[in-house]
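This is what each chain is made of:
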Amino acid sequence: MDLSIAAILAQDGITSGAVYALLALALVLVFSVTRIIFIPQGEFVTYGALTLAAIQNGKAPQTASLLLVLGALCWLKQTFVVLRMQSAQTNADTVWRGILLSGLTLIALPLMLCLSARHFALQDWPLFAQVVLALAMVVPMGPMIYRLAYQPLAQASTLVLLIVSVGVHFALTGLGLVMFGAEGSRTTALSDAHFEIGALMISGQSLVVIAVSALFIGCLYFYFERSLSGKALRATAVNRLGAQLVGIGTQQAGRLAFTLAATIGALCGVLIAPMTTVYYDGGFLIGLKGFVGAIVGGLVSYPLAAAGAILVGLLESYSSFWASAYKEVIVFTLIIPVLLWRSLTTKTHDEDEEA
């Protein structure tokens, strides 16, 4: 290996690490707010990439139909809960007005996206509009899945929530096979530019990935530091019971955390789809590498999770040169010394039980 090859591998590693960093931040965010190890994070990556690929290939994305079904289920569940909890003192007009308003949000908007996907030539739209439409079809699935699968079990143990995550992962993977098929897809590059720095050729797509990742991480930082809802999320992550006592809605915090996680996952899919062929089941491996980065941060530290994800990307890149057949093994072996070190340095304690 000479210096030029090392620089090329470093570029690939940093580009991959930037994507893994976003996924690691999403996993840390969801776990710290809801205690959920969000295994289906990778499915949002594949859904975002393959939805954009379907749009560019002139096909109606089936994710719009799935979004409509999830929205209808959420509306039916919410209607049932509201009617069951309705008391004699509650104004019936107010109750039905709220039900109709939620129906507009959960059904009418997905229905509009579904009709647009079927009756408009989306492949003729500008690339930016295609990306926005793909995100609009995938991102709302995050809070909807939280409402249906996780919110009824919000007070359950971490193990139960992990089992639910495994079930949701398999369900979304199966739906991905039905909607997108077994063949992989790629999308149009967000930038066709190339830059030469000495013997190193830097692609514009890699710069776009790194820049978007850095910009999104910066936006998340200012969101958590400056906005009221961001501070509410941080408060929920620090002390869930204390947040409830001061009036912060933990269910709303969970929905917001899942919305951000779905946004990050779908955005990562859009970023990596021009550089690699994405398959319906490929998101699990990508999300797992982000999970390794999150484990390095102990599932609590955002900077350490981002740094760990960059390390995973660099390790993967250089392993593909030295031992390409074992690169996945080498990457996932990184988790062993991290877990060993944390088991020796972290005090053990029983899981707190919340009333």
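Located above this text is the structure these notes cover.
Presented here is an overview of the structure given in this document. Keep in mind that what you see is a predicted model, and the values were worked out from it rather than measured. (Residues numbered from 1 in each chain as written. Predicted model: local features only at pLDDT ≥ 70, side-chain atom pairs only at ≥ 80, totals over all residues. Heavy atoms only, no water.)

**Some words on the overall build of the protein**
Operational definition: Helix and strand definitions follow DSSP, with helices as H or I runs of at least four residues and strands as E runs of at least two, each counted in order from the N terminus. Put simply, the radius of gyration uses C-alpha atoms, and a globule should come to 2.2 Å times the residue count raised to 0.38. Relative accessibility decides the category of a residue: with a 1.4 Å probe and only protein chains considered, values under 20% of the type maximum give buried, values over 50% give exposed, and everything between is partly exposed. Contacts are assigned to residue pairs with any non-hydrogen atoms lying within 4.5 Å of each other.
From N to C terminus, the protein includes 15 helices and 2 strands. The C-alpha atoms of the protein give a radius of gyration of 21 Å, which matches the 20 Å a tight globule of 355 residues would have. Its C-alpha atoms give the protein principal-axis dimensions of roughly 80 × 60 × 35 Å. Put simply, the protein has 355 residues, and 45% of those count as buried. Taking contacts inside the protein between residues at least 6 apart in sequence as the whole, the part at least 24 apart equals 77%.

**As for the packing of helix 2 (residues 41–56) against helix 5 (residues 127–138)**
Rule in force here: Helix axes are fitted to C-alpha atoms over the stretch in contact, other axes to C-alpha atoms as well, and angles between N-to-C directions run from 0 to 180 degrees. Throughout, the term roughly parallel applies to angles under 35 degrees, roughly antiparallel to angles over 145, roughly perpendicular to angles from 65 to 115, and oblique to all others. Note: crossing handedness is left-handed where the near helix turns anticlockwise from the far helix by less than a right angle, and right-handed where it turns clockwise. Residue type decides the class: Asp, Glu, Lys and Arg count as charged, Ala, Val, Leu, Ile, Met, Phe, Trp, Tyr, Cys and Pro as nonpolar, and the leftover types, Gly among them, as polar.
Closest axis-to-axis distance for the helix 2/helix 5 pair is 9 Å, and the angle between their directions is 135°. When the axis of helix 2 is compared with that of helix 5, the two are oblique. Crossing hand, helix 2 versus helix 5: right-handed. Here Phe44, Tyr47, Gly48, Thr51, Leu52, Ile55 and Gln56 of helix 2 come into contact with helix 5, specifically with Leu127, Gln130, Val131, Leu133, Ala134, Met137 and Val138. Class assignment of the residues belonging to the contact of helix 2 with helix 5 gives a composition of 10 nonpolar, 4 polar and no charged.

**Notes on a nonpolar patch on the surface**
Short version of the rule: Note on patches: the residues involved have over 30% relative accessible area and no salt bridge, like charges join within 9 Å, and the nonpolar side chains Val, Leu, Ile, Met, Phe, Trp and Tyr join within 5 Å. Working definition of accessibility: Shrake-Rupley area with a 1.4 Å probe, residue cover restricted to the visible protein chains. A carboxyl oxygen of Asp or Glu within 4 Å of a side-chain nitrogen of Lys or Arg is what we treat as a salt bridge.
On the surface, Val69, Leu73 and Leu76 cluster together into a nonpolar patch covering about 270 Å² of accessible area. Checked against the element boundaries, valine 69 lands in helix 3 (residues 63–85).

**Details of helix 3**
Selection criterion: In this scheme, a helix's expected span is set at 1.5 Å multiplied by one less than its residue total.
Taking 1.5 Å per residue, 23 residues should reach 33 Å; helix 3 reaches 33 Å between its end C-alpha atoms and fits that length. Buried within helix 3 are the following residues: Thr63, Ala64, Ser65, Leu66, Leu67, Leu70, Gly71, Cys74 and Thr79.

**Describing helix 5**
The end-to-end C-alpha distance of helix 5, which contains 12 residues, comes to 17 Å, matching closely the 16 Å that a straight helix rising 1.5 Å per residue would cover. What helix 5 keeps buried is the set Gln130, Val131, Leu133, Ala134, Leu135, Met137 and Val138.

**Some thoughts on the nonpolar core**
Defined as follows: We call a set of buried residues a nonpolar core when its members are Ala, Val, Leu, Ile, Met, Phe, Trp, Tyr or Cys and they connect through side-chain atoms within 4.5 Å of each other.
Formed by 81 residues in total, the largest nonpolar core has its most connected members in Tyr47, Tyr150 and Leu233. Of all the elements, helix 1 (residues 3–34) adds the most residues to this core, at 14 residues. Excluding residues that lie within four positions of it along the chain, tyrosine 47 makes contacts with Thr63, Leu66, Val138, Met141, Leu172, Leu175, Gly176, Met179 and Phe180.

**Things to note about the packing of aromatic side chains**
In plain terms, the rule: To pair, rings of Phe, Tyr and Trp, with the six-membered ring standing in for Trp, must have centres within 6.5 Å; the planes then decide the type, stacked if under 30 degrees apart, edge-to-face if over 60, and tilted in the middle.
Summed over the entire model, instances satisfying the criterion amount to 9 aromatic pairs. Both rings, one in tyrosine 146 and one in phenylalanine 258, keep their centres 5.0 Å apart while their planes meet at 45°; by these two values the pair is tilted. Note that tyrosine 146 is positioned in helix 6 (residues 141–150) and phenylalanine 258 in helix 11 (residues 250–272), a separation of 112 residues in sequence. Judged by its relative accessible area of 2%, tyrosine 146 is buried. Given the relative accessible area of 0%, phenylalanine 258 is considered buried. When the ring of phenylalanine 321 is compared with that of tryptophan 322, the centres are 5.2 Å apart and the planes differ by 90°; the resulting orientation is edge-to-face. Judged by its relative accessible area of 60%, tryptophan 322 falls in the exposed class. Aromatic rings pair up to connect Phe38, Phe44, Tyr146, Tyr150 and Phe258 into one cluster.

**Let's talk about unusual backbone geometry**
The backbone of arginine 35 shows a phi angle near 65°, a positive value even though the residue is not glycine. With respect to the helices and strands, the residue arginine 35 is situated in the loop between helix 1 and helix 2. For arginine 35, a relative accessible area of 19% corresponds to the buried category.

**Concerning the environment of glutamine 41**
Mapping glutamine 41 onto the fold places it in helix 2. Those residues in contact with glutamine 41, other than ones at most four positions away along the chain, are Leu23, Ala26, Leu27, Ala261 and Gly265.

**Quick notes on the side chain of lysine 289**
Looking at the element boundaries, lysine 289 is found in helix 12 (residues 283–296). Since its relative accessible area comes to 5%, lysine 289 is described here as buried. Look past the residues within four positions of lysine 289 in its chain and what remains in contact with it is Tyr20, Val312, Glu316, Glu328, Val331 and Phe332.

**As for the side chain of threonine 15**
On the secondary structure map, threonine 15 appears in helix 1. Contact partners of threonine 15, with chain neighbours within four places excluded, come to Ser206, Val209, Ile210 and Met275.

**Observations regarding the pattern of salt bridges**
On inspection of all chains with the given rule, the structure shows 1 salt bridge. Of the charged contacts in the structure, one is a salt bridge between glutamate 316 and lysine 289, with a shortest N-O distance of 2.4 Å. Residue glutamate 316 is located in helix 13 (residues 302–322), and its partner lysine 289 is located in helix 12; the two are separated by 27 residues in the primary sequence. Its relative accessible area of 9% is what places glutamate 316 among the buried residues.

**Section: the packing of helix 6 against helix 7 (residues 158–180)**
Here helix 6 crosses helix 7 at 125°, and the two axes come no closer than 11 Å. Here helix 7 runs oblique to helix 6, going by the angle between their axes. Classified by chirality, the crossing of helix 7 by helix 6 is right-handed. Note on element contacts: helix 7 touches helix 6 through Leu161, Val164, Ser165, Val168 and Leu172, opposite Ile145, Ala149 and Tyr150. Residue classes in the contact of helix 6 with helix 7 are distributed as 7 nonpolar, 1 polar and no charged.

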